[in-house]
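Chain and residue survey
What follows is each chain in one-letter form.
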Amino acid sequence: MAIDFTFTDEQQMLADTIYKWASTWLDPQMEELDEKDEFPKDFFKELGKLGMVGITIPEQYGGAGLGYTEACICTENLARISNALSMTWGAHLVLCADNIKRNANEELKQKYLPPLCDGTAMGCLGITEPNAGSDAMSMRTTAKLDGDSWVINGSKIFITNAPGGQTLLFYAKTAPELGPKGMSAFIMEIDPWPKGYTCEKIRKFGMRTSPTGLLSFDDVRIPKENLVGEVNKGVAILTGGLTTERITLSGCALGSARAALELSLKYAQERVQFGKPIAANQMIQEKLANMYVGYETGRLLMYSAAAYVDSLTDKRGGKGTVLDMKAAASLLYAGEVSTKICMDGVQIHGGYGYCLEYPIQRHYRDVKLWDIGAGTSEVRRIIIARELLSGTKWA
Ligand SMILES: Cc1cc2nc3c(=O)[nH]c(=O)nc-3n(C[C@H](O)[C@H](O)[C@H](O)COP(=O)(O)OP(=O)(O)OC[C@H]3O[C@@H](n4cnc5c(N)ncnc54)[C@H](O)[C@@H]3O)c2cc1C
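Below is a short write-up of the structure. Here the structure is a predicted model, which means the values were calculated and not measured.

1. Here's the deal with the site of the ligand
- In the vicinity of the ligand there are 18 residues, among which Thr128, Ser134, Phe158, Thr376 and Glu378 approach most closely.
- Here an oxygen atom of the ligand sits 2.8 Å away from a polar atom, N or O, in the main chain of Ile127.
- For the ligand, whose accessible area on its own is 990 Å², the fraction buried by protein is 63%.
- Where the shell around the ligand is concerned, the elements lending two or more residues are β1 (123-126), β3 (149-160) and α10 (377-389).
- By residue number, the principal contributor to the shell around the ligand is β3, which donates three residues.

2. Some thoughts on the pairing of strand β5 (residues 183-189)
- In terms of residue burial, β5 counts as a mostly covered element, since six of its seven residues are buried.
- Pairing between strand β4 (residues 167-173) and β5: seven bridges, direction antiparallel. In the strand pairing of β5, Leu168 is matched with Met188.
- Two strands pair when backbone bridges link them, and β5 and strand β8 (residues 227-228) are joined in this way by two bridges, in the antiparallel orientation.

3. Here's the deal with the packing of aromatic side chains
- Inspection of every chain in the model, using the stated rule, returns 13 aromatic pairs.
- Taken together, a centroid distance of 5.8 Å and an interplanar angle of 70 degrees make the contact between Phe39 and Phe43 edge-to-face.
- Taking 5.1 Å as the distance between ring centres and 75 degrees as the angle between the ring planes, the aromatic pair formed by Phe43 and Phe44 counts as edge-to-face.
- Of the residues examined, Phe43 reaches a relative accessible area of 0% and is grouped as buried.

4. Points about a nonpolar patch on the surface
- Nonpolar side chains collect at one region of the surface, where Ile3, Phe5 and Leu300 lie side by side and expose about 360 Å² of accessible area between them.
- You can see Phe5 is positioned in the segment before α1 (9-36).
- The class of Phe5 is exposed, set by a relative accessible area of 66%.

5. Here we look at unusual backbone geometry
- Note that the residue after Asp191, namely Pro192, is joined by a cis bond; omega there is 0 degrees.
- Position of Pro192 relative to the elements: it lies in the loop between β5 and β6 (197-201).
- The residue Phe158 is not glycine, and still its phi comes out positive at about 65 degrees.
- Relative to the assigned elements, Phe158 resides in strand β3.

6. Looking at the layout of surface pockets
- Here the largest pocket is characterised by a volume of approximately 1400 Å³.
- For the largest pocket, the lining is made up of 47 residues, of which Thr128, Gly133, Gly373, Ala374 and Gly375 are closest to its centre.
- Per element, the largest residue contribution to the lining of the largest pocket is eight residues, and it comes from helix α6 (residues 234-270).
- For the lining of the largest pocket, the class distribution of residues is 24 nonpolar, 13 polar and ten charged.
- In this model, the second largest pocket occupies a volume close to 860 Å³.
- As for the second largest pocket, its lining consists of 26 residues, of which Phe5, Leu300, Tyr303, Ser304 and Ala307 are closest to the centre.
- If you list the elements that add at least two residues to the lining of the second largest pocket, you get α7 (282-311), α8 (322-349) and α10.
- Looking at the lining of the second largest pocket residue by residue, the class counts come to 17 nonpolar, five polar and four charged.

Scoring rules and cut-offs
Within each chain, residue numbers correspond to sequence positions counted from 1 in written order. Residue-level local features of this predicted model are given only where pLDDT is at least 70; pairs of side-chain atoms are given and counted only at 80 or more, and the full residue set underlies all totals for whole chains, interfaces and linings. As a convention, hydrogens and water are excluded, and side-chain values are obtained from all of the structure's heavy atoms. We call a residue near a molecule or strand whenever a single non-hydrogen atom of that residue lies within 4 Å of it. As used in this structure description, the phrase polar contact means that two N or O atoms lie within 3.5 Å; if the pair is within protein, one of them must be able to donate a hydrogen and the other to accept it, and residues adjacent in sequence are counted only when both atoms belong to side chains. For the area figures, the Shrake-Rupley method with a 1.4 Å probe applies, and any residue is considered shielded solely by the protein chains shown. Runs of E in the DSSP output that reach at least two residues are strands. Runs of H or I that reach at least four are helices, and both are numbered from the N terminus. Between buried and exposed lies partly exposed: a residue is buried under 20% and exposed over 50% of the maximum accessible area for its type, with that area taken using a 1.4 Å probe on protein chains only. One requirement defines pairing of two strands: DSSP has to find at least two bridges between them. Aromatic rings from Phe, Tyr and Trp, taking only the six-membered ring of Trp, are treated as a pair when their centres fall within 6.5 Å; an angle between ring planes under 30 degrees marks them as stacked, one over 60 as edge-to-face, and anything in between as tilted. Without a salt bridge and with relative accessible area above 30%, a residue can belong to a patch; like charges are then joined within 9 Å and nonpolar side chains (Val, Leu, Ile, Met, Phe, Trp, Tyr) within 5 Å. One speaks of a salt bridge when a side-chain nitrogen belonging to Lys or Arg is within 4 Å of a carboxyl oxygen belonging to Asp or Glu. Here a cavity denotes grid points, spaced 1 Å and computed from the protein atoms alone, that fit a 1.4 Å probe unable to get out, and a pocket denotes an open set having protein on both sides within 12 Å along at least 5 of 7 lines; residues with an atom within 4 Å of a point are the lining. Grid points are joined across faces, edges and corners, and a volume is the space filled by probe spheres set on the points. For this classification, Asp, Glu, Lys and Arg are treated as charged, while Ala, Val, Leu, Ile, Met, Phe, Trp, Tyr, Cys and Pro are nonpolar and the rest, including Gly, are polar.

Keep in mind that these numbers describe shape and distance, not what the molecule does.
So this is what it looks like as structure tokens:
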């Protein structure tokens, strides 16, 4: 086993470039954007200048042709400034474009990937429904073939990037009587809204600036050829996508954790109480040390999972694979440890940590999502235990 925990020069340059861009372009706007819950309209245009909008998409479609390790570098370094916009980028690329790359036919790839890579289209993924969250397979949205169109009826909730987005990859039942085996994947163009489609923006306490939508479909027609993969084979696409999504999105949580540690280190050395900086107190030092260990551990888990998936030819994952376990473990740990780290960060900042001028509170509000989104902590534990108990060879 070759173990090398260092980034290549190119990977380090990518990390530095993204963080520098986020610090100079994004950071000065974040307090106001968060207050107004407003998405920065030039976000993808500016990211496009760095060449990272379609980082995991092959160059022939306008991407950079890099791996999931590089995708994690992007989510982590973007989230050091904005966890919410790192999630928006992750949803656009890994949830939408990357799943099209892995599963759609050549015509669909040629049509939909270039605008997703140059940032002229924003992508989103629709799995969750009002009555089908953790139990995603019980979704009720249907797709019925009628002549040259699929007719879509139903709804989706919590869809990142749907308000203002252009390209929706989504799942619907094509044979409801077959349960999970009767599900298929489709692409819908949502800008302008097709007839019968509506999207309502959801108000949230965190991840503000990342638009989240409640969608409804009332006899919405999409072209027959917008089926992704084969009919009734959507479940493998969905589960295969969730593994790489969980690994890459771990970077969102860990980026906030790193920011919390960096902000707290600075604050603890500047804030003087009882005649000395609060960092001189061992109870503050204990928090800082624990924050560091949690962040480093989460980071090792995420990048080892990313390197693992990059090394696989077959990246589908699914029941019986170590990839499913590693992906679930990566986001489970990243979400929980980063939530604790951000909470400790607020504590170190005292009353100022509770005030909107201090970015630590935004990381704290945002990071909680990573115990919930892309399958909750409980669902991730169910996946890991399922594999442990069914004898999957994990060590
Ligand atoms: C900001 C945001 C962005 C999101 N973005 C997207 C997106 O882009 N696309 C998309 O499709 N979805 C998205 N989601 C949806 C997200 O993936 C779901 O919220 C999540 O899967 C949980 O579903 P639920 O909210 O219906 O909770 P529920 O499934 O109702 O769960 C409620 C609670 O019960 C627990 N629970 C449920 N079943 C079990 C069980 N068997 N054992 C133990 N505990 C259980 C859960 O862990 C949770 O704690 C987003 C959500 C948010 C908040």
